[in-house]
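# Descriptive structure summary
Chain by chain, the residues run as shown.
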Amino acid sequence: MKITFAFCCLVLIGAQLSCSSSSESGDSISYEENTSTYEQSWESLAKHSAAPEWFQDAKLGIYFHWGVYTVPAFGSEWYPSNMYIEGRREYKYHLENYGSLSEFGYHHFVPAFTGEYFDANEWADLFQQAGARFAGPVAQHHDGFAMWDSEINPWNAADKGPKKDITGELAKALRQRDMKLITTFHHARNLQRYKGEEKGFGSHFTYDTAYHTSSDDPELRLLYGNIEEEQFSQYWYDQIVEVLDLYHPDIIWFDSWFNYMPEDKVKEMVAYYFNQEKKNNQEVVIAYKQNDLPTTVGVHDIEQGGRRDVSELPWMTDITISDRSWSYVEGQQYKSTAIVLRNLIDVVSKNGVVLLNLSPKADGSIPEAQRQVLTEMGNWFEANGEAIFETRPWVMYGFGDAKADQGEFGGQSATVAYTASDVRFTQSKDGKTLYMILLGEPKAGQTINYGILAKHRYSPKGEIDQISVLGSGTPVDFVHDDDYLTLTMPDSGMDSLATVFKIELK
């Protein structure tokens, strides 16, 4: 245990939390404002570029729900919350497999969160080969366990469980591969805002005098969020700033619940991050959900969904590779590569970026079924990435027959079943190349008339010089007139996942 922990906890449980801590080198971590480039107001923060060019170019990032909740591997990443709620299947499962909640609490899972197979370099290689341009961990989920080497939170992966600085090791490995770092924060919900008989969704853990969730132990109070609201808001802030100071993430992403936090504290955090940017020679991004931030300040994220049309502003969607929990659970099932990739292409055509979630096991291994999807995506990008990365949306996103269900958090579902009859467009930054992407493999030799691309409708700007199948280079016969853009499908060279026609303009 680091020597600063006792001091931090004593101050925390007092009337005001103000924890001054030390880094590995012994230098103190400063929480003072940098020379103000950005003030703590939405008007000042709006002057920051919300979506720098590198982010618009990136298109794909990877993160992972990996924490203590992967030890029981049951239900979902919400196991630590649901295990304390009578009537939930996690509650029953816990009693049957681990015994009384008064004796075996969530913190008793920590030693079994070993992460012995975690290898930052191997993970970074996997992410890069899959096509990701940025990656990083769920730095802290709702459960209060930090996945970095923290002086502020005693429940951290460097001191307990894996006893590794997961965030630090991965940050180093990613940057050695010229990839960007994302850290995501979900801990605004960790505070117990309701006590005793009162219930509410805002509390992750249920306060109960029979359980450790009501403990007066300084360490347990931090894990279970059993502290005062004013103390918690500072604790929430200090942990974010610690990650910013230690690892300088290029993107920080928040899983909602800013409405539970003091607005001034949120503005203070955003200003601190933006003011770090120039100091660290970075262009940074802050992503948010619902209406947590103004659109002028951050990039809006739609969970497990997408927009129905081209967005003027760049946006993001976080999706999971699994069909069930975001974290690993026994019996996990996974989306097909076709579902993940085709929905990603749809997102990119509408000016979006995909943040794809993986689900490692408690021992730090990534299941082979997940690796297979990443490998197949990477192979497709190797041949067709030109139509995705460093592109921009066209005047229209596309057209087709697929019916998109409503997404749970807005927009459309992230699991639309597309086929070759569904077409999406992207274009090169200079506008000289249009990419026409069929979300499947058309029938060889088939002639297709695309009336919507006729010269009097959505015609490419400029005369078409040539059309070929991207990846294979196979030429495509075409006729472009006032009625149609007519394509004759070649006999070979197309792709079963998605076929890209490269339309080069004179």
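Above this text sits the structure in question.
The structure presented is a predicted model; accordingly, all values stated were derived computationally and were not measured.

### Re the side chain of Q282
Following the sequence through the fold, Q282 ends up in the loop between α10 (263-279) and β5 (285-289). In terms of polar contacts, Q282 uses its side chain to reach the backbone carbonyl oxygen of H248, at 2.7 Å. Ignoring any residue separated from it by four or fewer positions in sequence, one finds Q282 in contact with R175, H248, P249, D250 and E277.

### Considerations on the sheet that holds strand β3 (residues 180-185)
Here 8 strands make up a closed barrel; going around it, the order is β1-β2-β3-β4-β5-β6-β8-β9 and the pairing parallel. The sheet shows a mean angle of 25° between the axes of neighbouring strands, direction not considered. Judged from the 4 bridges that link them, strand β1 (residues 60-64) and strand β2 (residues 134-140) form a sheet pairing that is parallel. The residue of β2 that forms the bridge with Y63 is G136. The sheet strands contacting α10 are β4 (251-254) and β5, and the helix crosses β5 at an angle near 155°. Across the sheet, helix α12 (residues 368-384) touches β1 and β9 (352-358), and the angle it forms with β9 is around 150°.

### Let's talk about the environment of L220
Position of L220 relative to the elements: it lies in helix α8 (residues 218-223). Separated by 195 residues in sequence, L220 and T415 place their C-alpha atoms 40 Å apart. If sequence neighbours within four positions are ignored, L220 has contacts with H107, W155, H212 and S215.

### A closer look at the environment of T209
Along the chain, T209 falls in the loop between β3 and α8. Taking the C-alpha atoms as reference, T209 lies 9.2 Å from S102; in sequence the two are 107 residues apart.

### Concerning the pairing of strand β19 (residues 499-505)
Among the 7 residues in β19, 6 count as buried, and that is most of the element. Where strand β14 (residues 433-438) and β19 come together, 6 bridges link them in antiparallel fashion. Pairing of Y435 across the sheet is with K502, part of β19. One ladder, built from 5 bridges, connects strand β16 (residues 464-469) with β19; its direction is antiparallel. By the bridge assignment, V469 is partnered in β19 with F501.

Reading the values: the criteria
Residues numbered from 1 in each chain as written. Predicted model: local features only at pLDDT ≥ 70, side-chain atom pairs only at ≥ 80, totals over all residues. Heavy atoms only, no water. Helix = DSSP H or I, 4+ residues; strand = E, 2+ residues; numbered from the N terminus. Polar contact = N/O pair within 3.5 Å; in protein donor to acceptor, adjacent residues only side chain to side chain. Contact = heavy atoms within 4.5 Å. Pairing = 2+ DSSP bridges. Axes fitted to C-alpha atoms, helices over the stretch in contact; angles between N-to-C directions. Buried < 20%, exposed > 50% of the residue type's maximum accessible area, 1.4 Å probe, protein only.

Bear in mind that shape data such as this cannot, by itself, settle questions of function.
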